[in-house]
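Fold and contact review
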Amino acid sequence: MNNSEITIGFLGLGRMGAPMAGNLLKAGYTLYVHDVSPDAVAALVREGAQAAGSASALGRLCDVVFTSLPTPAIVREAALGPDSIFIRGKPRVFCDLSTSGPALAKELSAALAPQGVACFDAPVSGGIKGAREATISIMVGGPEAEYESVLRPLLEVIGKPTHMGETPGAGQTMKLVNNLLGAVAIGVTAEGMAFGIKAGLDPARMIDVLNKSTGINSATRDKWPKSVLPRTFDFGFAAALSLKDTKLLMDEAEAAEVPLPLGRIVQDYLERTLAREGADADFTAIAKVVEEAAGLDPERKE
Ligand code: NAD
């Protein structure tokens, strides 16, 4: 199939979905889109997409359907609910780019594979910038044959895919591991920075040193320079979504009898961040919770 023969549907045009859908458009694919936000749909239509009007219409019109939705419950509803993608049509490939956990990936595959749908979980990492620049890492679980013949070329348009295996949920498991490391990096960076600042060190100089020392991590490299040092706390990943990911991980780990004490600490930091900053808080605002506990003023301008 070349780009003009394959019709793609994209459901969920948020911070990650919109730029990913935009990259498929730029690559010349015919793209139908849907989102509960009319503004989000209008923005993609301006870029050349066509509005499907509903999830079920998207399913009727498209060969391949991607989802990039906030929670597992919303993904389940989109795939299996009363107005879902598979109610009126039969896309032959379904690919969930959301972080929705291995349990849902298994449930969707069990429901859709017997209907002849190649079902993939393909969560992403790399943030909004990575989604815009098509550099996000994509961790894929699902059938190898359809991955190679249909999905991989599409995923290479939106990022850098790695096939983790045919077991449903293999991509989601990898993503939860990655998110644990990313969230712990924020927590431990916040702790180290608070300790240094209270002792009188300059925060910008600390980050500079960490980035050329063994303490370097994704928080010191990206999150502090962009969103914590300037005190904007706007990295682009909601604390609520990070908490959802951490809870998914903790549930899976408990079922697998793998103790994850660092995961528990990060979950607590995220819950306190939401309680302090409200439902829209960015996950970099963990730094404020840690600073407050250290007796620093989290509202100061650096
Ligand atoms: P977002 O909240 O910005 O976007 C979600 C979109 O889904 C919104 O446009 C919303 O209107 C739409 N939506 C909600 N319910 C819907 C429904 N029933 N039908 C159609 N559309 C619906 O979220 P995001 O940051 O783009 O994240 C999407 C997924 O990607 C999440 O699973 C998140 O965990 C994951 N993720 C996000 C980032 C990030 O940096 N933001 C990075 C990696 C992974």
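Residues numbered from 1 in each chain as written. Predicted model: local features only at pLDDT ≥ 70, side-chain atom pairs only at ≥ 80, totals over all residues. Heavy atoms only, no water.

Comments concerning the site of the ligand
Inspection of the region around the ligand gives 22 residues, with Arg15, Met16, Asp35, Leu69 and Lys244 positioned closest. Between the ligand and Thr99 there is a distance of 3.0 Å, counted from an oxygen atom to a backbone nitrogen or oxygen. Between a nitrogen atom of the ligand and a main-chain N or O atom of Gly236, the distance comes to 3.2 Å. In the complex, 84% of the free accessible area of the ligand, which totals 840 Å², lies under the protein chains. Ranked by residues supplied to the shell around the ligand, first place goes to helix α12 (residues 239-255) with three residues. Split by domain, the shell around the ligand shows at least three residues from each of two domains, domain 1 (3-167) and domain 2 (173-293). (Near = heavy atom within 4 Å. Polar contact = N/O pair within 3.5 Å; in protein donor to acceptor, adjacent residues only side chain to side chain. Areas by Shrake-Rupley, 256 points an atom, 1.4 Å probe, with all protein chains shown as cover. Helix = DSSP H or I, 4+ residues; strand = E, 2+ residues; numbered from the N terminus. Domains from an automatic or database assignment.)

Some thoughts on the packing of helix α9 (residues 170-198) against helix α11 (residues 218-228)
Where α9 meets α11, the closest approach of the two axes is 9 Å, and the angle between their N-to-C directions is 75°. It follows that α9 is roughly perpendicular to α11 by the angle criterion. Touching Gly182, Ala185, Ile186, Thr189, Ala190 and Met193 of α9 are Ser218, Ala219, Thr220, Lys223 and Trp224, all from α11. (Axes fitted to C-alpha atoms, helices over the stretch in contact; angles between N-to-C directions. Parallel < 35°, antiparallel > 145°, perpendicular 65-115°, else oblique. Contact = heavy atoms within 4.5 Å.)

Here we look at the environment of Leu112
Mapped onto the secondary structure, Leu112 falls in helix α6 (residues 102-112). In this structure, the C-alpha to C-alpha distance between Leu112 and Arg92, residues 20 residues apart in sequence, is 9.7 Å. With near-sequence residues (within four places) excluded, Leu112 lies in contact with Leu80, Phe86, Phe94, Val117 and Cys119.

Notes on the pattern of salt bridges
A complete count under the given rule lists 16 salt bridges for this structure. Across the pair Lys212 and Asp208 runs a salt bridge whose closest N-O atoms are separated by 3.6 Å. Owing to a relative accessible area of 65%, Lys212 belongs among the exposed residues under this scheme. Across the salt bridge formed by Arg276 and Glu292, the nearest N and O atoms sit 2.9 Å from each other. Of this pair, Arg276 sits in helix α13 (residues 261-277) while Glu292 sits in helix α14 (residues 286-293), and the two are 16 residues apart along the sequence. Looking at Arg276, the relative accessible area reads 28%, which means it is partly exposed. Each of Arg276, Glu277, Lys288, Glu292 and Glu299 takes part in one network of salt bridges that share partners. (Salt bridge = Lys/Arg side-chain N within 4 Å of Asp/Glu carboxyl O. Buried < 20%, exposed > 50% of the residue type's maximum accessible area, 1.4 Å probe, protein only.)

Quick notes on the nonpolar core
In this structure, Phe10, Phe66, Leu97 and Leu155 are the most contacted members of the largest nonpolar core, which totals 35 residues. Looking at which element gives the most residues to this core, the answer is helix α8 (residues 144-158), with six residues. When neighbours within four sequence positions are excluded, Leu155 is seen to be in contact with Phe66, Cys95, Leu97, Ile138, Val140, Tyr147 and Pro161. In terms of nonpolar packing, the next biggest core, distinct from the first, is built from 33 residues, Met193, Leu243, Val266 and Val290 among them. (Core = buried A, V, L, I, M, F, W, Y, C linked by side-chain atoms within 4.5 Å.)

Some remarks on α9
Compared with the 42 Å implied by 1.5 Å per residue over 29 residues, the 43 Å span of α9 between its first and last C-alpha is a close match. Count one or two residues on from α9 and you reach Gly200, which has phi positive near 105°. (Expected span 1.5 Å × (residues − 1).)

A word on helix α1 (residues 17-26)
Counting buried residues along α1, nine of its ten residues qualify, which places the element largely inside the surrounding structure. Of all the positions in α1, only Gly17, Ala18, Pro19, Met20, Ala21, Gly22, Asn23, Leu24 and Leu25 are classed as buried. At the C-terminal side of α1, Gly28 shows a positive phi close to 95°.

In short, the description is geometric, and any link to function would need to be established separately.
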